[in-house]
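If you want the building blocks of each chain, they are given just below.
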Number of protein chains: 2
Amino acid sequence: MTVTLADVAARARVSPATVSRVLNGNYPVAESTRERVLRAVDELDYVLNGPASSLAAATSDLVGVLVNDIADPFFGIMASAAQSAIGEGASGRGGGEKLAVVCNTGGSPARELTYLTLLQRQRAAAVILMGGSLEAPEHLAATTAKLAKLAEAGTRVVLCGRPPVTGDANAAALVFDNRTGARRLTEHLLGLGHRRIGYAAGPGDRTTTRHRLEGHRDALAAAGVPEGPTVHGAYDRRAGYEATAELLARDPELTAVVAANDTVALGVCAALRERGLDIPGDVSVAGFDDLPFSVDAVPSLTTVHLPLHEAGVRAGRLAMGTEEPLAGGLEQVSAELVVRGSTGRPRTRG
Amino acid sequence: MTVTLADVAARARVSPATVSRVLNGNYPVAESTRERVLRAVDELDYVLNGPASSLAAATSDLVGVLVNDIADPFFGIMASAAQSAIGEGASGRGGGEKLAVVCNTGGSPARELTYLTLLQRQRAAAVILMGGSLEAPEHLAATTAKLAKLAEAGTRVVLCGRPPVTGDANAAALVFDNRTGARRLTEHLLGLGHRRIGYAAGPGDRTTTRHRLEGHRDALAAAGVPEGPTVHGAYDRRAGYEATAELLARDPELTAVVAANDTVALGVCAALRERGLDIPGDVSVAGFDDLPFSVDAVPSLTTVHLPLHEAGVRAGRLAMGTEEPLAGGLEQVSAELVVRGSTGRPRTRG
DNA sequence: TTGAAAGCGTTACCAA
DNA sequence: TTGGTAACGCTTTCAA
């Protein structure tokens, strides 16, 4: 049968309470008994029963990290950084490690709520929500309510890359400056002389999509340049690929395309190449995110760099309570313009 | 205070046992009572206590998915597929959903063991280990022992992309045919006329590294072509970038480079471009994995395609017990050669 | 510094 | 079909 704490206690000739104290290390225990207990643990190959422990302590070692798309390195990088930060702080019950687990919502509000319920059920120590969220009012309300309940039950809530929900004061929030980043991206293209710029946007109902699009439009408006065509689609390659056909159909004279993120940008590039158009000769492509692979993939790409790793680490620390959130609970992560290769000035096409 | 099952029972005027039965749905309950209970659950906004449930039932809804690098889409794609497959089978306790969580080991054996212990502690329903493993005997032994203990405690163990450990009969294993895939990749280059082929390999002590390298050498041996330089490094871009300098230093006349995976291949490409070498004119690059982005990124790349999505789904189903493992517990996932763009025949360089 | 014992909230067995 | 009630394995006062 499985070894229990009582077995360890018997073997170490102490009470269960003492074993528990040794394991949790939050209590004074004589060094000699401590050693005896630890030896017994080793000899019996004892593993703490998590559920029992969590039940008694009314909290668990679980930290949930919700991401929109685990196959997208954008989230992978942040999640990885958060997990490292969470793994660092070893001081909890039963050995101290927190179990940082990432849950893939696939961008679906329903699955997001399901995961939140599951984590609530597990009495998770903390929950990190990564990436933009849907803006549908009913979903927002449901999420807000759920998060409030989690916070109320003692679960730390951290938002990373998504705007804080109204009235949700007890969640720390790290927001990306999507507007400014997007504005810079477009300003850069305008500075090169581009006047006919298409936009391959993300899904219409997401915060990131809206904010990036707003920044793009701000830049155009400020320069007095008329807005070019915009096409919405998923945050993936195929969407970029398909959007390109549509954009060129709407304006065959485009000299530049801004993509909602790097993955979309790659799809745009693929479509352009297929049509025999040079990048950035015939058409310049700019993207958001600056995923590590795009550096090598498309050397001529202009991107906006989000410090994903740093944001992830910070989110992890906030979740651990290792670091306190700023007063007001909101901090802005700035995007930085990165130009990889050729300048890509516009030229007329035949 | 938090609502308990007893509260629901009181409100529905039934016994706690009945509420439990309704919630788990594995027991006959009169439709009328059932509705009454469900209504009470709703009205009280009751959420099952996971730890208590797991303690009593001696198992949990948790399914752990261990990956070597969550920032690598190779794992992201598999993990995503596995999570979908796991989410599908809704029939467990308390609503039925399983909580599929991915844990990032970062390729570290220590973290791998830590996570396994954590999952063991949580009485996880299943554990999926994705990706190649370290071949150090002591780590292998430790892992084997841990997996045996998990299996013994009723946790389903699935290996995906890693060879089964000796004597570990109770783990279902999905192995990638890395050898054949790598052989095909090199055969393709040989078929194009390449005779001086460098190899940018992964870390020396990993199964995937060894198998792919073996396939590469098999192809060379069969063709009677002498082996070119090989450089080991991590499975990341930088490693590919750095390996390229070393490979070219060892043989400046290389006409082709095989990379241990696509990410490495991108690093190789970056290094080649930086040296003013055309791809695939001066040097052809071939990579393993076929990540979705490489298609657009380097259209001239030759890759070996692993059906990551399908493998992930299968792994998920095995973890759920929805599908039975093949007799012997071992199934092979074949790699398929994919030629993206130019043929890349060798040409002499000045 | 240590021990005794009362929960923690479910599940599942045994009756009814 | 339902109820009563021991577990389940740990944490945590309260005493000693």
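Residues numbered from 1 in each chain as written. Chains lettered and ligands numbered in written order. Predicted model: local features only at pLDDT ≥ 70, side-chain atom pairs only at ≥ 80, totals over all residues. Heavy atoms only, no water.

**Brief notes about the protein's contact with DNA strand D**
Step number 1: Around DNA strand D there are 27 residues in total, and A:Leu5, A:Ser20, A:Tyr46, B:Thr18 and B:Arg21 lie nearest to it.
Step number 2: When the atoms of DNA strand D within 4 Å of the protein are sorted by group, sugar and phosphate make up 65%.
Step number 3: Here A:Asn24 contributes a side-chain N or O atom positioned 3.4 Å from a phosphate oxygen of DNA strand D.
Step number 4: At 2.9 Å from a phosphate oxygen of DNA strand D is found a main-chain nitrogen or oxygen belonging to B:Ser15.
Step number 5: Mapped by element, the contributors of at least two residues to the surface near DNA strand D are α2 (16–24) and α4 (50–57) of chain A together with α2 (16–24) and α4 (50–57) of chain B.
Step number 6: Per-element accounting of the surface near DNA strand D gives the leading share, five residues, to α4(A).
Step number 7: For the surface near DNA strand D, the class distribution of residues is 16 nonpolar, eight polar and three charged. (Near = heavy atom within 4 Å. Polar contact = N/O pair within 3.5 Å; in protein donor to acceptor, adjacent residues only side chain to side chain. Helix = DSSP H or I, 4+ residues; strand = E, 2+ residues; numbered from the N terminus. Nonpolar A, V, L, I, M, F, W, Y, C, P; charged D, E, K, R; others polar.)

**Things to note about empty space enclosed by the protein**
Step number 1: Taken as a whole and judged by the stated rule, the model has three cavities of 30 Å³ or more.
Step number 2: Forming the walls of the largest cavity are A:Gly50, A:Pro51, A:Ser54, A:Ser60, A:Leu62, A:Gln122, B:Pro51, B:Ser54, B:Ser60, B:Leu62 and B:Gln122.
Step number 3: The set of elements that each furnish at least two residues to the lining of the largest cavity consists of α4 of chain A together with α4 of chain B.
Step number 4: When its residues are assigned to classes, the lining of the largest cavity shows four nonpolar, seven polar and no charged. (1 Å grid on protein atoms, 1.4 Å probe; cavity = no way out; pocket = protein on both sides within 12 Å on 5 of 7 lines; lining within 4 Å. Points joined across faces, edges and corners; volume = space filled by probe spheres on them.)

**Focus: the relation of the copies chain A and chain B**
Step number 1: When chain A is fitted onto chain B, the two copies agree to an RMSD of 0.1 Å after a turn of 180° and an axial shift of 0.1 Å. Seen this way, the second copy is the image of the first under a two-fold rotation axis. (Least-squares fit on C-alpha atoms with pLDDT ≥ 70 in both.)

**Here we look at the layout of surface pockets**
Step number 1: As a volume, the largest pocket reaches approximately 950 Å³.
Step number 2: Forming the walls of the largest pocket are 41 residues, and the residues nearest its centre are A:Asp69, A:Ala71, A:Tyr235, A:Asp236 and A:Thr263.
Step number 3: For the lining of the largest pocket, the secondary structure elements donating two or more residues are α5 (73–88), α9 (207–223) and α10 (237–250) of chain A together with α5 (73–88), α12 (292–297) and α13 (308–320) of chain B.
Step number 4: Residues that form the lining of the largest pocket fall into these classes: 18 nonpolar, eleven polar and twelve charged.
Step number 5: Considered as a void within the structure, the second largest pocket measures approximately 760 Å³ in volume.
Step number 6: Lining the second largest pocket are 27 residues, with A:Thr2, A:Val3, A:Val47, A:Asn49 and B:Arg123 sitting closest to its centre.
Step number 7: Residue assignment for the lining of the second largest pocket shows that the elements contributing at least two residues are α2 and α4 of chain A together with α4 and α7 (137–152) of chain B.

**Comments concerning the nonpolar core**
Step number 1: Ranked by internal contacts, the top residues of the largest apolar core, which has 182 residues, are A:Ile128, A:Met130, B:Ile128 and B:Met130.
Step number 2: The contacts of A:Met130, once residues within four sequence positions are left out, are A:Val65, A:Leu66, A:Val67, A:Asn68, A:Phe75, A:Met78, A:Ala79, A:Ala82, A:Cys160, A:Gly312 and A:Ala315. (Core = buried A, V, L, I, M, F, W, Y, C linked by side-chain atoms within 4.5 Å. Buried < 20%, exposed > 50% of the residue type's maximum accessible area, 1.4 Å probe, protein only. Contact = heavy atoms within 4.5 Å.)

**Some thoughts on the sheet that holds strand β12 (residues 336–339) of chain B**
Residue and element names in this part refer to chain B.
Step number 1: Spatially, β7-β6-β8-β9-β10-β12 is the arrangement adopted by the six strands of the open sheet, whose pairing is mixed. Each having just a single partner strand, β7 (230–232) and β12 make up the two edges of the open sheet. Between one strand axis and the next, the sheet turns through 20° on average, direction left out of account.
Step number 2: By the bridge criterion, three bridges tie strand β6 (residues 197–201) to β7 in an arrangement that is parallel. Among the inter-strand pairings, Tyr199 is bridged to a residue of β7, identified as Thr230.
Step number 3: Helix α8 (residues 178–191) rests against β6, β8 (256–259), β9 (284–289), β10 (302–305) and β12 of the sheet, and its axis sits at about 165° to β9.
Step number 4: Here helix α11 (residues 262–274) sits on the sheet and contacts β6, β8, β9 and β10; the angle it forms with β9, its principal contact strand, is near 160°. (Pairing = 2+ DSSP bridges. Axes fitted to C-alpha atoms, helices over the stretch in contact; angles between N-to-C directions.)

**Notes on the sheet that holds strand β10 (residues 302–305) of chain A**
Strand pairing in a sheet is mediated by backbone hydrogen bonds. Such pairs are either parallel or antiparallel.
Residue and element names in this part refer to chain A.
Step number 1: Pairing within the open sheet is mixed, and its six strands lie in the order β7-β6-β8-β9-β10-β12. The sheet terminates laterally at β7 (230–232) and β12 (336–339), the two strands that pair on one side only. Neighbour to neighbour, the strand axes of the sheet diverge by 20° on average, direction disregarded.
Step number 2: Pairing geometry for strand β6 (residues 197–201) and strand β8 (residues 256–259), over four bridges, is parallel. Residue pairing in the sheet places Tyr199 in a bridge with Val258 of β8.

**Comments concerning the environment of A:Gly154**
Step number 1: Along the chain, A:Gly154 falls in the loop between α7 (137–152) and β4 (156–160).
Step number 2: C-alpha separation for the pair A:Gly154 and A:Gln120, spaced 34 residues apart in sequence, amounts to 9.9 Å.

**Observations concerning the domain arrangement of chain A**
Step number 1: For chain A, the assigned domains read domain 1 (1–46) and domain 2 (178–306).
Step number 2: Each of domain 1 of chain A and domain 2 of chain A has a C-alpha centre, and the two are 61 Å apart. (Domains from an automatic or database assignment.)

**What to know about the interface of chain A and chain B**
Step number 1: Each partner contributes residues to the interface: chain A has 52 residues there, and chain B has 52 residues.
Step number 2: Counting every contact that joins chain A to chain B gives two salt bridges.
Step number 3: With its nearest N and O atoms 2.3 Å apart, the salt bridge here joins A:Asp45 to B:Lys149.
Step number 4: Between the two partners, chain A and chain B, sit eleven residue pairs in polar contact (both at pLDDT 80 or more).
Step number 5: Listing elements by their share of the side of chain A that touches chain B, those giving two or more residues are α4, α5, β2 (99–104), α6 (109–121), α11 (262–274) and α12 (292–297) of chain A.
Step number 6: Among the elements that line the side of chain A that touches chain B, the one with the most residues is α6(A), at eight residues. (Salt bridge = Lys/Arg side-chain N within 4 Å of Asp/Glu carboxyl O.)

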